[in-house]
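Now for the letters of each chain:
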Amino acid sequence: MNERIKELAEQAGMGYERWNTTTQFESFLEKFAELIVRECMKESMDEIVPEDEIAKEKDPLIKEYLKGNNQGIVDAVIRFRNRFGVE
C-alpha cells in the first residue's frame, strides 16, 4: 500500500486499531483511497476543453490559454496517478 495513503488515514483517525486485522484495514483503505483518487482524476479530466472548441476560438491568446490549461490538467492528473499509485 502507498505510504502516503497510510499517513493520510492515520491523520483522519482511521488507524489500524479500528479493524480486526491489519490486512482487512489495508484492503479497505487501499480501495477507498483509490476510489477517491480516481474520482479526483475524473473530475479534473472533465474540465478539459475539447480540441474542436479550442479550434473555434477566434482570439489567439485565449486559444493558447485553453491549450495551456488543458496541459496543466493533464500534468496534475499524471502527478495524482504517480503519487498515489493509481492507474
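In what follows, the structure referred to is the one given above.
Residues numbered from 1 in each chain as written. Predicted model: local features only at pLDDT ≥ 70, side-chain atom pairs only at ≥ 80, totals over all residues. Heavy atoms only, no water.

## Here's the deal with the overall build of the protein chain
Move 1: From N to C terminus, the protein chain includes four helices and zero strands.
Move 2: From first element to last, N terminus to C terminus, the protein chain shows the α and β order α-α-α-α.
Move 3: Relative to the 2.2 N^0.38 estimate, which gives 12 Å for 87 residues, the radius of gyration of the protein chain is 18 Å and therefore markedly larger than a compact globule would have.
Move 4: Dimensions of the protein chain, computed from the C-alpha atoms along their principal axes, are close to 60 × 20 × 15 Å.
Move 5: Each of the 87 residues in the protein chain was classed as buried or not, and the buried ones make up 20%.
Move 6: The contacts in the protein chain between residues at least 6 apart in sequence include a share of 52% that link residues at least 24 apart.
Move 7: Taken together, the 13 basic and 19 acidic charged side chains of the protein chain have centroids lying 2 Å from each other. (Helix = DSSP H or I, 4+ residues; strand = E, 2+ residues; numbered from the N terminus. Rg over C-alpha atoms; globule rule 2.2 N^0.38 Å. Buried < 20%, exposed > 50% of the residue type's maximum accessible area, 1.4 Å probe, protein only. Contact = heavy atoms within 4.5 Å. Lys, Arg positive; Asp, Glu negative; His and termini not counted. Charge placed at Lys NZ, Arg CZ, Asp CG, Glu CD.)

## Notes on the pattern of salt bridges
Move 1: Scanning the entire structure with this criterion turns up three salt bridges.
Move 2: The shortest N-O distance in the salt bridge between E34 and R38 comes to 2.9 Å. Remark: R38 and E34 occur in helix α2 (residues 22-45); sequence separation between them is four residues, near one turn of the helix.
Move 3: Note on E34: relative accessible area 23%, which makes it partly exposed.
Move 4: In this structure, the salt-bridge partner of D46 is K42, at a minimum N-O distance of 2.8 Å.
Move 5: Accessibility expressed as a relative area gives 46% for K42, which makes it partly exposed. (Salt bridge = Lys/Arg side-chain N within 4 Å of Asp/Glu carboxyl O.)

## Remarks on the layout of surface pockets
Move 1: Empty space within the largest pocket amounts to approximately 180 Å³.
Move 2: Forming the walls of the largest pocket are I5, L8, A9, A12, M14, L29, F32, A33, I36, V37 and F84.
Move 3: Looking at the lining of the largest pocket, its residues break down into eleven nonpolar, no polar and no charged. (1 Å grid on protein atoms, 1.4 Å probe; cavity = no way out; pocket = protein on both sides within 12 Å on 5 of 7 lines; lining within 4 Å. Points joined across faces, edges and corners; volume = space filled by probe spheres on them. Nonpolar A, V, L, I, M, F, W, Y, C, P; charged D, E, K, R; others polar.)

## Things to note about the packing of α2 against helix α4 (residues 60-84)
Move 1: Running from N to C, α2 and α4 cross one another at 170 degrees; their axes reach a closest spacing of 9 Å. The angle between α2 and α4 places the two elements in the roughly antiparallel class. Two secondary-structure elements touch here, α2 through V37, M41, S44 and M45 and α4 through I73, V74, V77, F80, R81 and F84.
Move 2: Residues belonging to the contact of α2 with α4 are distributed by class as follows: eight nonpolar, one polar and one charged. (Axes fitted to C-alpha atoms, helices over the stretch in contact; angles between N-to-C directions. Parallel < 35°, antiparallel > 145°, perpendicular 65-115°, else oblique.)

## Points about the environment of D52
Move 1: As for its placement among the helices and strands, D52 is situated in helix α3 (residues 51-56).
Move 2: Using a relative accessible area of 48% as the deciding quantity, one classes D52 as partly exposed.

## A closer look at the packing of helix α1 (residues 3-11) against α2
Any two packed helices are characterised by how steeply their axes cross, that is the angle between the axes, and by the distance between the axes.
Move 1: Between α1 and α2, whose axes approach to 10 Å, the crossing angle comes to 100 degrees. The orientation of α1 with respect to α2, classified from their angle, is roughly perpendicular. Seen from α1, the contacting residues are I5, K6 and A9; seen from α2, they are F25, E26, L29 and A33.
Move 2: A class-by-class count of the residues in the contact of α1 with α2 yields five nonpolar, no polar and two charged.

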